[in-house]
Each structure stands twice: as C-alpha cells, then as structure tokens.
Amino acid sequence: MTKVAIVYYSSYGSTHAMAQRLAETAEKRGAEVRLRHVKETAPAEAYGAQEAWKAHVDAMADEPVAAPEDLEWADVVVMGSPTRYGHVTSQMQGFIDTLGPLWSEGKLADKVYTAFTSSQTKHGGQETTLQAFHTTFAHLGGIIVPPGYTDPVKFTDGNPYGVGKVTGAGGDLDDDDHAVLDHLVTRAITIAERLNGSAAA
Ligand SMILES: Cc1cc2nc3c(=O)[nH]c(=O)nc-3n(C[C@H](O)[C@H](O)[C@H](O)COP(=O)(O)O)c2cc1C
C-alpha cells in the first residue's frame, strides 16, 4: 500500500475540509493514510477572540497532530495551508522548522510532494503560497508533483501549481473542488507507485 501523509494547518476549517476530502479519496484509491493537522501555536487570547477560530481549535482538540515522523513514514506527502499574505501560515512554517533533524539525515528525500491552499480572494496569493511549499520540498530533496493541466478538471480552478480553493463566498467545497482535490491526490499516488515499481501495467 502506498503511504500518504496529509499534513495541513487550518484556522477556520476550510483547509481542513480540503484535507479531509484528500484523505477520503486516497483511502478509496487503496492508500494507507495519515491525516494530521499542524497544531495551533497562536496565543489563546488571539484565537479566543474569534468565535470561528476558537470553535475550530476546540473541534480539533482530540485529532492527531502532525509530527516530522509522519513525513518520514510516507511515500506521498500532501501539505496544505491557508494563504497568509501570500505565504504559508506561521503555524505551518513552524512545523517545517522542526524538520531539520530528519532533513539532515536525508530521511525526507525521494518522496512525492504536492500541495494545496485556500485563500479568501481569487488573486490573493494562492500561487505564491504553493510555490513556497515547492521551495521547501526542493530543500527536502522531494519529487515535486504539481497537477499542471494534466486533466480537464484543472481548467476549473486554473491552478497548475497545486489545488487552490477561493473561500470568499462561503467556503463549502463544491463538485469542482472535489474534482481537483481528487485529481491532485490520485496523481500523486500514481506517480509514487510508478517510482516504486508497484504501478499496474
Ligand atoms: C492573517 C491572515 C492573512 C490572510 N492573508 C490572505 C491573503 O494574503 N490572501 C487571501 O486571499 N486571503 C488571505 N487570508 C484569508 C485566508 O487565506 C482564507 O480565509 C482561508 O480560506 C482560511 O483558511 P482556513 O479556513 O483553513 O483557516 C488571510 C487570513 C488571515 C487571518
């Protein structure tokens, strides 16, 4: 079985919903999946002052938290973060900053990596956020697998760098979102299977 780690951060739940869809699709595809959220590092007085943020922190209290070893374990790593000023969140960057020991041993290299994001606005920095992930993946020695326009569904979100959800109008995932998320994770698994020689002929 291909091992897939879906490692993401979410403040309000939109990126969380994307991660859940990725996990469901990967499992249906026959993969072994670890769905792991990056823990909240903002001070309680910050998230406590926002009802939706606090509600999501509370909802995630008993869910498994991402650890560097989840990346070491995986054949495919799918990382997601909301766009923050055109970049990944500080929470996600803080997690990335804990990868040093495994990185220095080369244990995060030679895996398939791909990424997803959500942003409030259409031109609000999704592509720079995804490219920030790609920069990290390059430093890890990862095999970066962007979706490109390798399937007609990619003409719905028009994002060849990964998957981006525009949440401004509400944030619920629609059929087009499901299609591009399904394509992203299925493609990543297929490429990993080809790399390790387990792909169907
Ligand atoms: C501090 C902060 C910075 C943000 N920066 C951007 C941005 O640069 N562009 C954008 O379109 N949305 C921006 N947003 C909106 C979030 O990216 C958007 O609401 C996202 O879907 C939230 O994902 P979540 O529900 O998983 O937390 C920002 C939100 C916050 C709180």
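Treat the numbers as computed from the prediction; the structure is a model and nothing was measured. (Residues numbered from 1 in each chain as written. Predicted model: local features only at pLDDT ≥ 70, side-chain atom pairs only at ≥ 80, totals over all residues. Heavy atoms only, no water.)

Considering all chains together, one arrives at five aromatic pairs under this definition. Seen in terms of ring centroids, Y149 and F155 are 4.9 Å apart; in terms of plane orientation they differ by 35°. Their pairing is tilted. When its relative accessible area of 42% is taken as the criterion, Y149 is described as partly exposed. Given a relative accessible area of 60%, F155 falls into the exposed group. Through pairs of rings, three or more aromatic residues link up here, namely Y12, Y47 and W53. One cation-aromatic arrangement involves R34 over W73; the distance from NZ or CZ to the ring centre is 4.2 Å. (Phe/Tyr/Trp six-rings, centres within 6.5 Å; stacked < 30°, edge-to-face > 60°. Buried < 20%, exposed > 50% of the residue type's maximum accessible area, 1.4 Å probe, protein only. Lys NZ or Arg CZ within 6 Å of the ring centre and 35° of its normal.)

The next point concerns the site of the ligand. The environment of the ligand is formed by 17 residues, the closest being S10, T15, T83, S118 and G124. With respect to the ligand, the backbone of S11 contributes an N or O atom lying 2.8 Å from an oxygen atom. Between a nitrogen atom of the ligand and a main-chain N or O atom of Q120, the distance comes to 3.2 Å. Taking 640 Å² as the accessible area of the ligand by itself, protein coverage stands at 81%. Contributions of two or more residues to the shell around the ligand are made by helix 1 (14-28) and strand 4 (112-119). Classifying every residue of the shell around the ligand gives three nonpolar, 13 polar and one charged. (Near = heavy atom within 4 Å. Polar contact = N/O pair within 3.5 Å; in protein donor to acceptor, adjacent residues only side chain to side chain. Areas by Shrake-Rupley, 256 points an atom, 1.4 Å probe, with all protein chains shown as cover. Helix = DSSP H or I, 4+ residues; strand = E, 2+ residues; numbered from the N terminus. Nonpolar A, V, L, I, M, F, W, Y, C, P; charged D, E, K, R; others polar.)

Viewed as axis vectors pointing N to C, helix 1 and helix 9 (residues 175-195) meet at an angle of 50°, and their least axial separation amounts to 9 Å. In terms of axis orientation, helix 1 runs oblique to helix 9. Here helix 1 and helix 9 pass one another in a crossing that is right-handed. Within the contact between the two elements, helix 1 uses M18, R21, L22, T25 and A26 and helix 9 uses H178, L181, D182, L184, V185, T186 and I189. (Axes fitted to C-alpha atoms, helices over the stretch in contact; angles between N-to-C directions. Parallel < 35°, antiparallel > 145°, perpendicular 65-115°, else oblique. Left-handed = near helix turned anticlockwise from the far one by under 90°. Contact = heavy atoms within 4.5 Å.)

In this model helix 1 runs 22 Å from its N-terminal to its C-terminal C-alpha over 15 residues, within 8% of the 21 Å that 1.5 Å per residue would give. Among all positions in helix 1, only T15, H16, M18, A19, L22, A23, T25 and A26 are buried. Residue G30 follows helix 1 closely and has a positive phi angle near 100°. (Expected span 1.5 Å × (residues − 1).)

Turning next to the pairing of strand 1 (residues 3-8). Burial analysis of strand 1 places five of its six residues in the buried class, the great majority of the element. The β-α-β motif built from strand 1, the intervening helix 1 and the parallel element strand 2 (residues 32-37) has right-handed crossover chirality. Where strand 1 meets strand 3 (residues 76-82), five bridges bridge the pair, whose relative direction is parallel. Bridge pairing links V7 to M79 in strand 3. (Right-handed = clockwise from strand over helix to strand, strands pointing away. Pairing = 2+ DSSP bridges.)

Under the present numbering, the feature "domain: Flavodoxin-like" (unreviewed entry) in UniProt falls on residues 4-192. Within the segment residues 4-192, helix and strand shares are 44% and 17% respectively, and the terminal C-alpha atoms sit 10 Å apart. (UniProt positions renumbered as here; feature names shortened; annotations may be inferred.)

Our next topic: the pairing of strand 2. Sheet topology places strand 1 next to strand 2; six bridges connect them, and they run parallel. Bridge pairing in strand 2 places V4 opposite V33.

Within the largest apolar cluster, 28 residues are counted, with the highest numbers of intra-cluster contacts made by V7, L71, M79, M92 and F95. Mapped by element, the contributors of at least two residues to this core are strand 1, helix 3 (51-59), helix 4 (68-73), strand 3, helix 5 (90-96), strand 4 and helix 7 (126-140). Ranked by the residues each element gives to this core, the list is headed by helix 7, at five residues. With sequence-adjacent residues up to four places away left out, M79 is seen in contact with V7, M92, F95, I96, T114, A115, F116, F133 and F137. (Core = buried A, V, L, I, M, F, W, Y, C linked by side-chain atoms within 4.5 Å.)

So, about unusual backbone geometry. Even without being a glycine, Y85 presents a positive backbone phi close to 50°. Mapped onto the secondary structure, Y85 falls in the loop between strand 3 and helix 5.

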